[in-house]
Amino acid sequence: MIDLKQYEIWFVTGSQHLYGPKTLETVAEHSRAIAAAFDASSHIPVKVVFKPVLTTPDAIRELCLEANSSKSCIGLITWMHTFSPAKMWIAGLTLLKKPFAHLHTQYSREIPWSTIDMDFMNLNQSAHGDREFGFIGSRLRLERKVVVGHWQDDEVQSQLGVWARAASAWADWQGAKIARFGDNMRDVAVTEGDKVEAQIKFGYDVYGYGIGDLVKAVNEANEADVEKMVQAYLDEYDVMPSLQPGGERNASLREGARIEVGMRNFLQAGNFKAFTTTFEDLHGLAQLPGLAVQRLMRDGYGFGAEGDWKTSALVRAMKVMSEGMKGGVSFMEDYTYHFSASGDKVLGAHMLEICESIAAPFGKPKLEILPLSIGGKADPVRLIFDSLTGPAIGASIMDMGQRFRMVANVVDVIPTDEPLPNLPVARALWLPRPNLKVAAAAWIYAGGAHHTSFSYSVTAEHLQDFADMAGIEFLLIDENTRVQEFKEKLRWNDLYFHLSKGL
Ligand code: MN
């Protein structure tokens, strides 16, 4: 359900008429070559489209308006091969509503020492042309990513690719619909927030539904579809014997399949990209949807438990950012600690809803039925697995009252010290960076949520680019974090974001 090739980045080169047509032809030729290289680059997952070289304020303005109204254009890469006086860019950049990255590169990698003359100098002047362009970006206080280096370098293409992934997720959020089955878990604070402000700021819309609307879709699930779903479970998972056909609890598996079919039908019919549930609002549903949620997340839906619409939107955004990359994305919760001499660890899990995309590739996940001590419903079916190991990141967005804040922590997921034969949920065990003491203190000072979107493929750079596009605060907790500096940053940022509205 996520296709990044539907998106285009427009490669836009600025120049002026001072140099005559011959130079401009060469500029266009070089730009076309760079755009083609980016389009073919394995680092950049979207299409990169060459646009004619811009030499007048009117042409720049027209291009920006065209980008705004284009459904496929998700942003611009700008580059000044020669000198493009930046007053020409004011009208266009002021109107531009799509993100842009400023590529500071030069067509020729090296100076041809023995042949260089003034013609070469006049053609290759991005060293100062891009500074003139950069000035107007800063003078207009525009958020953008500046990428410096030769265009053929892997690092440059990778930085642009990261930015393109963030821009894809940003485009995906615009006009996105999130279904909220039931309201917020009673009394919980951080999952609440201003949905009108979120729509203004982020572009997605949260639609509330009574649980009865979902129950109706579940009850209307076609028997043949339920049968097909049960078969898929039997094929894909290590299903415990009592749930298998003829087993005494097979009816519960069928019920789980019916819930999944009903939820899928509901979400597809309404064109939703993410959804929430809450265990306090399940009237008419036999089980808390566990397995269904795990599989819908695997297929690209964002999810938040207990009515957590902000995390559901972030899970979806990170699914888009990481499309086609190795490692998955899941809804997650910091659940239980292990304080030990070998490092203080976090056991992450949720009651049921951890995405199959982060399962370790050791055999099929187990599909089991076990009691859930919360919620007072029939025992839910769920997938149980250990997660991938390696570096990962957990991120959340909070509504701080006046504004939204994103906080993220880089962690290292490790194998559990021992097997967990009695733990009936999917889980991941990690060492937070720089360590639990610093990471948790910083997270708590920042007011970070207990729910996160957790990923092995998304990096801090993706999230930074994404937060910049959204115009929100981004706080990173990683190997360089010190609590005292972090607290100071929180204070400065409070001031900055308060004042920046007037800047
Ligand atoms: Mn929770």
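In this numbering scheme, every chain counts its residues from 1 along its sequence in written order. It should be noted that, the model being predicted, local features are given only for residues of pLDDT at least 70 and side-chain atom pairs only at 80 or more, the latter also being counted only at that level, while totals for whole chains, interfaces and linings use all residues. For the side-chain quantities, the full set of heavy atoms in the structure was used; hydrogens and water were omitted.

*Asks:* Quick one: what's the story with the packing of helix α13 (residues 436-445) against helix α15 (residues 483-499), residue by residue and with numbers?
*Replies:* The geometry of α13 relative to α15 is characterised by a closest axis approach of 10 Å and an angle of 15° between their N-to-C directions. Accordingly, the angle class assigned to the pair α13 and α15 is roughly parallel. As α13 packs across α15, the resulting crossing turns out to be right-handed. Counting all contacts with α13, which are made through V438, A441, A442 and Y445, the residues of α15 involved are V483, F486, K487 and L490. Each residue belonging to the contact of α13 with α15 can be placed in one class, and the counts come to seven nonpolar, no polar and one charged. The angle between two axes is taken between their N-to-C directions and runs from 0 to 180 degrees, where each axis is a line fitted to C-alpha atoms and a helix contributes only its stretch in contact. Runs of H or I in DSSP of at least four residues are treated as helices and runs of E of at least two as strands, each being numbered from the N terminus. Any angle that is under 35 degrees is reported as roughly parallel, and any over 145 degrees as roughly antiparallel; angles of 65 to 115 degrees are reported as roughly perpendicular and all others as oblique. Note on convention: near helix rotated counterclockwise from far helix by under a right angle means a left-handed crossing. Clockwise means right-handed. Between two residues, a contact is recorded if the distance between any of their heavy atoms is within 4.5 Å. In this classification, Asp, Glu, Lys and Arg are treated as charged, Ala, Val, Leu, Ile, Met, Phe, Trp, Tyr, Cys and Pro as nonpolar, and every other residue, Gly included, as polar.

*Asks:* A description of the environment of W430 should follow, citing residues and the corresponding values.
*Replies:* Considering the arrangement of structural elements, one finds W430 in strand β17 (residues 427-432). Exposure categories follow from relative accessible area, calculated using a 1.4 Å probe and restricted to protein chains: below 20% of the type maximum is buried, above 50% is exposed, and the middle band is partly exposed. Exposure remark for W430: the relative accessible area of 4% places this residue in the buried category. Between the C-alpha atom of W430 and that of I369, which follows or precedes it by 61 residues, the distance is 26 Å. With residues near it in sequence (within four places) discarded, W430 still touches M332, D334, D344, K345, V346, G348, V411, D412, V413, I414 and F454.

*Asks:* Before we move on, can you summarise the coordination of the manganese ion with the specific residues and values?
*Replies:* Donors, by definition, are the N, O and S atoms found within 2.8 Å of a metal, the threshold being 3.2 Å for Na, K and Ca, and water is not counted, so a site can look incomplete. Within the protein, the atoms that donate to the manganese ion are E306 (OE), E333 (OE), H350 (NE2) and H451 (NE2), at distances of 2.1 to 2.2 Å. Going along the chain, you hit the donors of the manganese ion in the pattern E-x26-E-x16-H-x100-H. Of the two residues, E306 sits in the loop between β10 (302-304) and α12 (309-321) while H451 sits in strand β18 (residues 451-455), which places them 145 residues apart along the sequence. Take E306 and H451: they sit in the same class, and that class is buried.

*Asks:* Run through the sheet that holds strand β3 (residues 73-80), naming residues and quoting values.
*Replies:* If you trace the five strands from one edge of the open sheet to the other, you get β2-β1-β3-β4-β5, paired in parallel fashion. Two strands bound the open sheet, and with one partner strand each, they are β2 (47-50) and β5 (145-148). This sheet shows a mean twist of 25° between the axes of neighbouring strands, independent of strand direction. The rule for pairing is simple: two strands pair if DSSP sees at least two bridges between them. Across seven bridges, strand β1 (residues 8-14) lies against β3 in parallel orientation. By the bridge assignment for β3, T13 is matched with W79. On the sheet, helix α2 (residues 57-69) packs against β1 and β3 and is oriented at approximately 175° with respect to β1. Seen against the sheet, helix α5 (residues 126-139) touches β3 and β4 (100-104) and runs at an angle of roughly 155° to β4.

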